[in-house]
Amino acid sequence: MSRYEPSVIEPKWQKAWDEAQAFLAKRDPARPKYYVLEMFPYPSGRIHMGHVRNYTMGDVVSRYKTAQGFSVLHPMGWDAFGMPAENAAMERGGHPKDWTYSNIADMRGQMKPLGLSIDWTREFATCDPEYYGQQQAMFIDMMEAGLIYRKNAVVNWDPIDMTVLANEQVIDGKGWRSGAAVERRELTQWFFKISDYSEELLNALDGLTNWPEKVRLMQANWIGRSRGLQFGFETVGAPAGFDLLEVYTTRPDTLMGASFAAISPDHPLAKALEADPAVAEFVALCRKGGTSAEEIETAEKIGFDTGIRVKHPLNPDWELPVWIANFILMDYGTGAIFGCPAHDQRDFDFATKYDLPIKAVFEPNDEPIVALTEAYVPLKSERVRYIRGFAGADVQTGDEGVATAIAHAEAQGYGKGVTKFRLRDWGLSRQRYWGCPIPVVHCATCGVVPEAKENLPVRLPDDVTFDIPGNPLDRHPTWRDCTCPKCGAEARRETDTMDTFVDSSWYYARFTAPRAATPTSAADADYWMNVDQYIGGIEHAILHLLYSRFFARAMNKTGHLPAKAIEPFDALFTQGMVTHEIYKTTDARGRPVYHLPEDIVRSDAGATLADGTAVEVIPSAKMSKSKKNVVDPMNIIAAFGADTARWFVMSDSPPERDVEWTSSGAEAAYKFLGRIWTLCSRIGDMPADHVGEGDLDLRKAMARAVNDVTLGIEGFAFNKAIAKIYEFTNTLSKANASTATMKDAIRTLAQLMQPMVPHIAESIWSYQGGTGLCCQAPWPKADPALLVNDEVILPIQINGKRRAEITVPRDMPASEVEKIALADEAVIKFLAGQPVKKIIVVPGRIINVVV
RNA sequence: GCGGGCGUGGUGGAACGGUAGACACAAGCGACUUAAAAUCGCUAGAGCCAAGCUCGUGCGGGUUCGAUUCCCGCCGCCCGCACCA
C-alpha cells in the first residue's frame, strides 16, 4: 500500500460513487425510507467551515442510514433570492441573476470535493423560474383558500434614497447607505394568515418530541398565548367615535393599581389627535427610528399626555390620564393598555419619569413592602397578599387573582376574558427585485386579481438596472403594465416580491419531486415525507421553522401535501457554529487591526506578528471576513484532503455546541488518518498464517467499538463516536491477534469511520478485500455475547467520598456485595469502628456506606 | 428591553443523580536519528516532599446517602426579536 495521498484517493472514490449512482434516491416500496436534510445554503459564492460541519453531519446520518438498509433521500439546493445579489449589482454592476448562478456554480464546485452523499440530480435554486412558478401557483391557491390578505403595515423608510430598508440596513436609526434618519411609514402589504393557526401551531409543539426542548420553548413563547381581560374605558374629552378605549391586560388583578392609560403612537386615537401640532410633533418623534421590536423596546421611554381622561371601570369618579407612549406596540393586544407602575417595570419607569402615582396592589405574603424602589413582579404562581384587591381572597396566587378579576369583570359586565396570541400575521411583501414576483394584477374594475395559472410563472424581467435605489420592477413599464386576466382591460402587475422565507418554507417538499409540473407530486410526497432528520443552525429556531410548519399546513389545505406532512420535520438537530481565534493589534490612532491566522507566530511568550509585534488573541469568535478569522475549507482540502476537514469538524466538540477551528487540531486529524493508513498497510503485510493469542480480546474490543460508535451516531454524539474509534484504533494497533481477525477488525474500523471519512474508508475496505463499496456494505452488528463482562469493578464511597473499590461477579446479589464491601481493608480503616447507619448498593454501579 | 441557551484541567471535551477529567490537542521526558522532522513509548487537574490526604465542574445558596447533572438567586458569554439568510 502506497502513501496516504488524499488528493489521489478522494477524486478516485468520488468518481466510483458517481459511476455506481450510489447516492441516487429511489422510491423503493420494499425498503423503509429515510429523508435527511440540512438547511440549504445561501449562495454567497464561498463555502465556509460552518457549511462543512453542517453538511458533514447530515452526511454522517445519510451514510449511516444507507448502511442500515434505508432508502435514503439526501438532496441539496440553493436559497438563492435575497438582498445580497442586489447589493452586489449596485456595488459592482452586473445582474443579480448572473451573480447568483455564478456563485452557485462556484459553491457547487467547492462542495463536491467534500465527498458528500448527495443526490445531485435533485438540485435546484429557488430563483429558478421552475421553482418560483410553482410557488406562485400555490400563492394563488392559498389566496383563494383565504390564507392571504392585504393590510397596512409599517416599514423602515429611507427619506433620502426613497426606499424601504430591511431591519439590518437600519443602523442606529439611520439608513446604512444614505445615513438619513429612518422613519416608520405605512404601506399596503401582503400577509399570510398564520394567526389562524396560532393555537394549533402551539399545541402541536407537544408532538414534536424529537425536537430540542429549547426550540419548542422558544416557539411557544413566540406564539405567546395569554389569557387576559379586555375592556373598554369610557373616555372623557376624546374626539367623536372614541367613546370607548379598548384595552387588553394580562394582569386585570392589578386594576386598582392603575395610574394611567397609554396608547401606541400608531393607535387610531393618536392619529385622530394629530390635528393638534403638539401631538403630531410627538408622534413624529416616536416614528423616528426603525421598526424592529429591539429598537423600540430599548429606546428611551417617552410619553405625551393627551389631556383626555378615562373613567376607571370600578369607580367612575376616578379618572386616569391617557398618554401616548412610544413603547406600546400597535401589533399586540389592542394597542392600548392601562399602566400599573407598582407591578410592571416599564410602567414603573414611565410613572417615575412623568411623576404618576405608584400604588401597590399586593405585597409579599410574609412581609409588607415599605417603599417601592422598583416594580414588584412576583411569579404568577406565587401567593401574595392583596391590599387593593377587588375579587377573590386577600391571599391568593397571581393566577387566581387574574381568574377572579376576569370573573368579576364578566359578572359586572364591564369586560370579558379573552385569549390572545403574540404571534402576528406573516408579512410577505418586499419592495425588491430579486425575489419571487407576487402573481397578482391590479385592475381598475376588477380590483386585485390573481394571475391566470396558465400564465405562470410570472418571470422576473432581465432588463433591469440598479443605478437608482428602489425597486426596478416599479419603474419597468413594459413588465409592470399588463392586462387583467379577468376582464382583459389594461392593468398593472403587483411589483412587490415575496419574502425569501416563503422560498425556504417548502423546498423540503419540492425535493421529493423536483421536476414535477405541479408544486409536489402526491406519490413522491407520500413516499418521502416527512423529513426524518433536519439539521441546521439554532438561529432558525423561530422564524424559518415556524413559517415552514405553517406553510406545510397551508399546502395541505390547498391540496399540495398529505395530512401526515403538516409537521414536515420529524426530528430536528441544531448544530453550533465553527469559531476561530481573532488576532488583533491596534494602529497609531487606536483603531483595531485584524490579522490573518497564517500571519501569526505562536511561541511560549504568546502570539506575535513576523516582526515581533505582540498580538492580542481573542478566543472563539464566529468566523467573519471583517475580523479576518475565516478559515477557507478549500485551503484545508488542498493541504490535507476532505477527510481531514470532515474528521476534525466532527471530532472536536459535541455537534450542538460551537467548535473552535485550530490548525493543530486539523493537523492532528490528518496525522490520525495517516496512522490508520499505516496500520492498514501493516495488517496487509501480515503473513496469512499468523496466529496470535489476542483474538478473543480483539473481538471483544471490536464488538464494544461497533456498539459504542453505533450509539454515538444514533444519538448525534459524533465526537463520542470518534473517541471510541480512537480507542479501538489504539487497541487494534497494539493487538496481537491472528491475521484473519486483524483484517476483520480493520475492515470493521473502516466501516465505522466511513460516515465521517468516506474516502480513506473505501481505500482500506478495498485493500483489505471488502466486497463492493464500503458505503454500500451493511452496517456491522455487535455480538451481544462479546459485550458483557463477567466481573465489574465497584467503587466504595463512605459518606459520598470514594475510598476503595472491589471487583465482584456481575450478577452478585446486593447482600453479598455489602458483605464484601464491609470486609474490605480500606473500608474497615476508614470506618474506624463507627457504626454503619445505612448502606446503599446500586447494582453494577457503586456502593455508598453512610456512617 | 424581552425570550432561549451555554459555562468542567493550559486547550477542545467525557461522565443513565453514582469512581470528575474518557478521547484528543498543546506540553514535558525518553527511544529511533550524526541532527531535525516524522514515528513510537511514558508522564500529566491543583496543593502538600510522599504512601496518602485536602481542594476542585463560573459565583452564592438549597434538595440528596451521593450533585458537573435537579431547584433558587447572581455573574459572564452566545443566539433570536417578525424586512439578514
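Residues numbered from 1 in each chain as written. Chains lettered and ligands numbered in written order. Predicted model: local features only at pLDDT ≥ 70, side-chain atom pairs only at ≥ 80, totals over all residues. Heavy atoms only, no water.

Q: Before we go on, may I ask you to explain the overall build of chain A in this structure?
A: Helices and strands together make up the secondary structure of chain A, namely 26 helices and 36 strands. Oriented by its inertia axes, the alpha-carbon framework of chain A measures out at about 105 × 85 × 65 Å. Here chain A holds 851 residues, and 54% of them are scored as buried. Charge separation in chain A, taken as the distance between the mean sites of 91 positive and 110 negative side-chain charges, equals 2 Å. (Helix = DSSP H or I, 4+ residues; strand = E, 2+ residues; numbered from the N terminus. Buried < 20%, exposed > 50% of the residue type's maximum accessible area, 1.4 Å probe, protein only. Lys, Arg positive; Asp, Glu negative; His and termini not counted. Charge placed at Lys NZ, Arg CZ, Asp CG, Glu CD.)

Q: Help me understand the packing of aromatic side chains, please; the structure alone is not making it clear to me.
A: Geometry of an aromatic ring pair is reported as the spacing of the ring centres plus the angle between the planes. The final tally for this structure, using the stated rule, is 47 aromatic pairs. Centroid distance Phe231 to Phe338: 6.3 Å. Interplanar angle 45 degrees. Geometry classified as tilted. Remark: Phe338 occurs in strand S13 (residues 336-339) and Phe231 occurs in strand S8 (residues 225-236); sequence separation between them is 107 residues. Residue Phe231 shares its accessibility class with Phe338, and that shared class is buried. (Phe/Tyr/Trp six-rings, centres within 6.5 Å; stacked < 30°, edge-to-face > 60°.)

Q: What am I meant to see in helix H23 (residues 739-753) here?
A: For the α-helix, the turn length of 3.6 residues means that residues three or four positions removed from each other point alike. Taking 1.5 Å of rise per residue, the 15 residues of H23 would be expected to cover 21 Å, and the 21 Å separating its terminal C-alpha atoms lies within 8% of that figure. In terms of burial, H23 is largely enclosed, as 11 of its 15 residues are buried. Where H23 is concerned, the buried positions are Thr739, Thr741, Met742, Ala745, Ile746, Thr748, Leu749, Ala750, Gln751, Leu752 and Met753. Elements in contact with the buried residues of H23: helix H19 (642-651), helix H20 (663-684), helix H21 (695-714), helix H22 (718-734) and helix H24 (758-767). (Expected span 1.5 Å × (residues − 1). Contact = heavy atoms within 4.5 Å.)

Q: Is there a simple way to think about the sheet that holds strand S2 (residues 71-73) in this case?
A: Each strand in a sheet pairs with another by means of backbone hydrogen bonds, the pair being arranged parallel or else antiparallel. On the basis of which strands lie adjacent, the open sheet formed by four strands has the order S2-S1-S25-S26 and parallel pairing. Taken across any chain shown, the strands that pair with only one partner, and hence form the sheet edges, are S2 and strand S26 (572-575). In this sheet, adjacent strand axes meet at a mean angle of 20 degrees when their direction is disregarded. In the sheet, strand S1 (residues 33-38) pairs with strand S25 (residues 533-537) via three bridges, with the strands oriented parallel. When the bridges of S25 are listed, Glu38 appears paired with Ile535. Together, S1, S2, S25 and S26 form the strand contacts of helix H2 (residues 49-67), whose direction differs from that of S1 by roughly 175 degrees. (Pairing = 2+ DSSP bridges. Axes fitted to C-alpha atoms, helices over the stretch in contact; angles between N-to-C directions.)

Q: What's the story with the pattern of salt bridges in this structure? I'm lost.
A: For side chains bearing opposite charge, pairing can occur when the charged atoms are close. In the structure shown here, the tally under the stated rule is 37 salt bridges. A salt bridge links Asp59 to Arg646, with the nearest nitrogen and oxygen atoms 2.7 Å apart. Remark: Arg646 occurs in helix H19 and Asp59 occurs in helix H2; sequence separation between them is 587 residues. In this structure, the salt-bridge partner of Arg553 is Glu200, at a minimum N-O distance of 2.7 Å. Residue Arg553 is located in helix H17 (residues 543-557), and its partner Glu200 is located in helix H6 (residues 198-203); the two are separated by 353 residues in the primary sequence. Relative accessible area serves as the criterion here: at 34%, Glu200 is assigned to the partly exposed category. Via salt bridges that share partners, Glu200, Arg549, Arg553 and Glu567 belong to a single interconnected network. (Salt bridge = Lys/Arg side-chain N within 4 Å of Asp/Glu carboxyl O.)

Q: Hey, could you run me through the side chain of Asp141 in this one?
A: Among the structural elements, Asp141 can be located in helix H5 (residues 129-144). Apart from residues lying up to four places away in sequence, Asp141 is in contact with Lys453, Thr558 and His560.

Q: Even after reading the chapter, I still don't get the packing of H2 against H21, so can you show me in this structure?
A: Helix-helix packing: each pair is described by the crossing angle between the helix axes and the interaxial distance. Look at H2 against H21: their axes get within 10 Å of each other, and the N-to-C directions meet at 125 degrees. On the basis of the axis angle, H2 is oblique to H21. In this structure, H2 meets H21 at a crossing whose hand is left-handed. Where H2 abuts H21, its residues Val60, Tyr64 and Lys65 lie against Thr710, Ile713 and Glu714. Here the contact of H2 with H21 is built from residues that sort into three nonpolar, one polar and two charged. (Parallel < 35°, antiparallel > 145°, perpendicular 65-115°, else oblique. Left-handed = near helix turned anticlockwise from the far one by under 90°. Nonpolar A, V, L, I, M, F, W, Y, C, P; charged D, E, K, R; others polar.)

Q: Would you explain the nonpolar core in this entry?
A: In globular proteins that are soluble, nonpolar side chains generally tend to be buried together. In this structure, Tyr507, Tyr508 and Trp661 are the most contacted members of the largest nonpolar core, which totals 164 residues. Counting residues per element, this core draws most heavily on H20, at nine residues. Setting aside anything within four residues of it in sequence, one finds Trp661 in contact with Met49, Val578, Thr579, His580, Met623, Val631, Ile636, Ala645, Phe648, Val649 and Ala666. Core analysis: the next-biggest nonpolar cluster, separate from the first, contains 37 residues, Leu245, Ile308, Phe362 and Tyr376 among them. (Core = buried A, V, L, I, M, F, W, Y, C linked by side-chain atoms within 4.5 Å.)

Q: Help me out: how do you make sense of H19 in this one?
A: H19 sits mainly inside the fold: 10 of its 10 residues count as buried. The set of residues buried in H19 consists of Ala642, Asp643, Thr644, Ala645, Arg646, Trp647, Phe648, Val649, Met650 and Ser651.

Q: Which parts of the structure should I look at to understand the protein's contact with RNA strand B?
A: In the vicinity of RNA strand B there are 67 residues, among which Asn167, Arg432, Asp652, Lys720 and Asn848 approach most closely. Those atoms of RNA strand B that come within 4 Å of the protein belong to sugar or phosphate at a rate of 63%. Separating a phosphate oxygen of RNA strand B from a backbone N or O atom of Met83 is a distance of 3.2 Å. Here Gln797 contributes a side-chain N or O atom positioned 3.3 Å from a base nitrogen of RNA strand B. Sorting elements by how many residues they give to the surface near RNA strand B places H22 first, with seven residues. Of the residues assigned to the surface near RNA strand B, the class counts are 25 nonpolar, 19 polar and 23 charged. (Near = heavy atom within 4 Å. Polar contact = N/O pair within 3.5 Å; in protein donor to acceptor, adjacent residues only side chain to side chain.)

Q: Looking at this structure, I do not really get the layout of surface pockets. What am I missing?
A: Any empty space left between the atoms is revealed when a probe the size of a water molecule rolls over them. Estimated volume of the second largest pocket: approximately 480 Å³. Along the wall of the second largest pocket there are 22 residues; nearest its centre are His580, Pro597, Val631, Trp661 and Ser663. Every element with two or more residues in the lining of the second largest pocket is listed here: strand S27 (578-586), helix H18 (633-640) and H20. (1 Å grid on protein atoms, 1.4 Å probe; cavity = no way out; pocket = protein on both sides within 12 Å on 5 of 7 lines; lining within 4 Å. Points joined across faces, edges and corners; volume = space filled by probe spheres on them.)

Q: Where do I start with the environment of Arg675 in this structure?
A: With respect to the element layout, Arg675 can be found in helix H20. For Arg675 and His595, which are 80 residues apart along the polypeptide, the C-alpha to C-alpha distance reads 34 Å. Only 2.7 Å separates the side chain of Arg675 from the side chain of Asn730, close enough to count as a polar contact.

Q: Even after reading the chapter, I still don't get the sheet that holds strand S36 (residues 846-850), so can you show me in this structure?
A: Strand order in the open sheet made by the four strands is S34-S33-S36-S35, with mixed pairing throughout. Each edge of the sheet is formed by a strand with only one pairing partner; in this case those strands are strand S34 (801-809) and strand S35 (838-842). Between one strand and the next, the sheet's axes are offset by a mean angle of 20 degrees, whatever the strand orientation. In this fold helix H25 (residues 814-822) packs onto strand S33 (791-798), S34, S35 and S36, with an angle of close to 120 degrees to the strand it touches most, S35.

Q: Teacher, can you tell me more about the state of the cysteines here?
A: Where two cysteines share a covalent bond between their sulfur atoms, that bond is called a disulfide. Considering all chains together, one arrives at zero disulfides under this definition. You can see Cys487 has no disulfide; the closest cysteine sulfur is in Cys446, sitting 3.6 Å from it. (Disulfide = S-S within 2.5 Å.)

Q: Looking at this model, I keep getting lost on the pairing of S26. Mind explaining?
A: For a regular strand, side chains alternate in direction, first toward one face of the sheet and then toward the other. Covered by surrounding structure in S26 are Leu572 and Thr574 together with Phe573 and Gln575, the residues of both alternating faces. With four bridges joining them, S25 and S26 adopt parallel strand pairing. What sits directly across from Gly537, in S26, is Gln575. With H17 bridging S25 and its parallel neighbour S26, the resulting β-α-β unit is right-handed. (Right-handed = clockwise from strand over helix to strand, strands pointing away.)

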